[in-house]
Amino acid sequence: MAKDPKIKISAEDKTKAAFGTVGKGLSKLGSAAKGLSIGVAAGGAAFAAFGKQALDTADAIGKTADRAGISTKALQEMRHGFDLAGVSAEAVDKSFVSFGKRLGKARDGIGALAGGLKKGQAALLDNLLATKSNEEALKLVFKAMGNAKDQAEKLAIADAAFGGAGLKMTAAFNQGSEAFFAANKEASDLGIVLDEKGVRSAEQFNDAMTRVSGSLTGGLQNAFLTIVPTLLEHEGQIKGIAQ
C-alpha cells in the first residue's frame, strides 16, 4: 500500500523542526558552557590575585614585626589604632623600627631617646630602660603620651621616641591612652588581625618561592652564558643576519 506523500512531507518537516530545536538547545548550552568557563577562568584569576596579595600582606606584617621587635598581633592592632587617627601603616612601621633603634642606644646611655627624655621625662626613661621587650616599652610611651598635660609635652615624647615620623601619632591620644588601647583591641574583635601562624606560614611560602625563582633564573642565566663563547665565534654571521 502506497504511503500518502503529504504524510511523508509532514513527518519530514516535524523531524527537521525537532532537530532544529535540539540544535538550538545545544547551541545555547554551548554558549552557556563557554560563558561559564570564562567566568570560572576570570574567577580563578581573581582568586589567584587575591591570594598573592594576602600572602604579600602577611609576609610584610611578619617581617615588619620582626624588625620592630614586637609581635605580629601587636603590630596589626596598633596599626589599626593609628589608622583611625589618620596615620598610615607605613608611617607607623617606620616609627616603630626607629623606636627600637633609639631604645637600644638609650640602654647605652646615648641617642635621641635618652637625650630627649633625660630632662623632662627622666622617670619615663628609667621605666623604658627597665622593660624586657620593645612591645612593653612602646606601651609605656603610649601611656605617657595619653597622660601628657598638653600637646607640647605629647610632641616632645613622640619626637624623642620616634623622631619626626612619629609626630603625627599624637592624634591617636587626643582621648587618652585608654581610647587608643581600646581601638587596638577592636582590631582583633573585628577580625582584622591575621593569625600569627598564618603570617609565619605566608613568610615561609614566599621565601620558598623566592628561592625557587632565584634558582630558575640563575640556572637560565648560567645556561645562556655557556653559549656566549660560541656566539662570539660567529659574531660576523650574526651581524649579517641582523642586517
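None of the values given here were measured: they were computed from a predicted structure.

S.K.: What am I meant to see in the overall build of the protein chain here?
M.R.: Along the protein chain, the regular secondary structure elements total 10 helices and zero strands. For the protein chain, the succession of helices and strands along the chain, N to C, is α-α-α-α-α-α-α-α-α-α. Across the 243 residues in the protein chain, those meeting the buried criterion constitute 29%. Taking as baseline every contact in the protein chain between residues at least 6 positions apart, the subset at least 24 positions apart corresponds to 63%. Just so you have it, the protein chain exposes about 15400 Å², and 61% of that area is on carbon and sulfur atoms.

S.K.: Can you walk me through the pattern of salt bridges in this structure?
M.R.: Close approach of charged atoms lets side chains of opposite charge pair. Evaluated as defined, the whole model comprises eight salt bridges. We note a salt bridge from E77 to K73, for which the minimum N-O separation is 2.8 Å. Residue E77 and its partner K73 are located together in helix α2 (residues 72-83), separated by four residues, close to a single helical turn. What makes E77 buried here is its relative accessible area of 13%. Through salt bridges that share partners, D66, E196 and R200 make up one connected network.

S.K.: Is there a simple way to think about the packing of α2 against helix α6 (residues 134-147) in this case?
M.R.: Two packed helices can be described by the angle between their axes and the distance between those axes. Packing of α2 against α6 leaves a shortest axis separation of 12 Å and a crossing angle of 20 degrees. If you check the angle between α2 and α6, you find them roughly parallel. Considering the relative orientation of α2 and α6, their crossing is left-handed. Only E135, L138, K139 and F142 of α6 make contact with α2, whose side of the interface consists of A74, M78 and F82. A per-class count over the contact of α2 with α6 returns five nonpolar, no polar and two charged.

S.K.: Would you explain helix α8 (residues 177-189) in this entry?
M.R.: Residues spaced three or four apart along an α-helix face the same direction, because each turn holds 3.6 residues. For α8, with 13 residues, the first-to-last C-alpha span of 19 Å sits near the 18 Å given by 1.5 Å per residue. Considered for burial, the residues of α8 that qualify are S177, F180, F181, A183, N184 and A187. Down the axis of α8, the sector holding all buried residues measures 150 degrees, keeping them to one side. Every exposed residue of α8 that faces more than 90 degrees away from the buried side is listed here: E178, K185 and D189. Elements that come into contact with the buried residues of α8 comprise α2 and α6. Where α8 ends, the next residue or the one after it, G191, has phi of about 80 degrees, a positive value.

S.K.: Help me out: how do you make sense of the side chain of T64 in this one?
M.R.: Tracing the chain through its elements places T64 in helix α1 (residues 5-68). There is a polar contact of 2.8 Å between the side chain of T64 and the backbone oxygen of A60.

S.K.: Sorry, what's going on with the nonpolar core here?
M.R.: Side chains of a nonpolar character, in soluble globular proteins, are inclined to be buried together. Membership of the largest hydrophobic core comes to 39 residues, with the highest contact counts inside it found for F82, F96, F99, L113, V141, F142 and F162. Broken down by element, the residue count for this core peaks at six residues, all from α6. Not counting residues up to four positions away in its chain, the partners in contact with F162 are S95, F96, S98, F99, R102, L138, V141, F142, M145 and M169.

S.K.: How should I be thinking about the packing of aromatic side chains in this particular structure?
M.R.: Each aromatic ring pair is characterised by the separation of its centres together with the angle its planes make. All chains considered together, the criterion is met by 11 aromatic pairs. With a centroid separation of 4.8 Å and an interplanar angle of 45 degrees, the aromatic rings of F173 and F180 are classed as tilted. Look at F173 and you get buried, because its relative accessible area is 1%. The exposure class of F180 is buried, given its relative accessible area of 1%. An aromatic cluster of three or more residues is present, and its members are F82, F96, F99, F142, F162, F173, F180 and F181.

About the criteria used
- Residues numbered from 1 in each chain as written.
- Predicted model: local features only at pLDDT ≥ 70, side-chain atom pairs only at ≥ 80, totals over all residues.
- Heavy atoms only, no water.
- Helix = DSSP H or I, 4+ residues; strand = E, 2+ residues; numbered from the N terminus.
- Buried < 20%, exposed > 50% of the residue type's maximum accessible area, 1.4 Å probe, protein only.
- Contact = heavy atoms within 4.5 Å.
- Areas by Shrake-Rupley, 256 points an atom, 1.4 Å probe, with all protein chains shown as cover.
- Salt bridge = Lys/Arg side-chain N within 4 Å of Asp/Glu carboxyl O.
- Axes fitted to C-alpha atoms, helices over the stretch in contact; angles between N-to-C directions.
- Parallel < 35°, antiparallel > 145°, perpendicular 65-115°, else oblique.
- Left-handed = near helix turned anticlockwise from the far one by under 90°.
- Nonpolar A, V, L, I, M, F, W, Y, C, P; charged D, E, K, R; others polar.
- Expected span 1.5 Å × (residues − 1).
- Arc of directions from axis to C-beta.
- Polar contact = N/O pair within 3.5 Å; in protein donor to acceptor, adjacent residues only side chain to side chain.
- Core = buried A, V, L, I, M, F, W, Y, C linked by side-chain atoms within 4.5 Å.
- Phe/Tyr/Trp six-rings, centres within 6.5 Å; stacked < 30°, edge-to-face > 60°.

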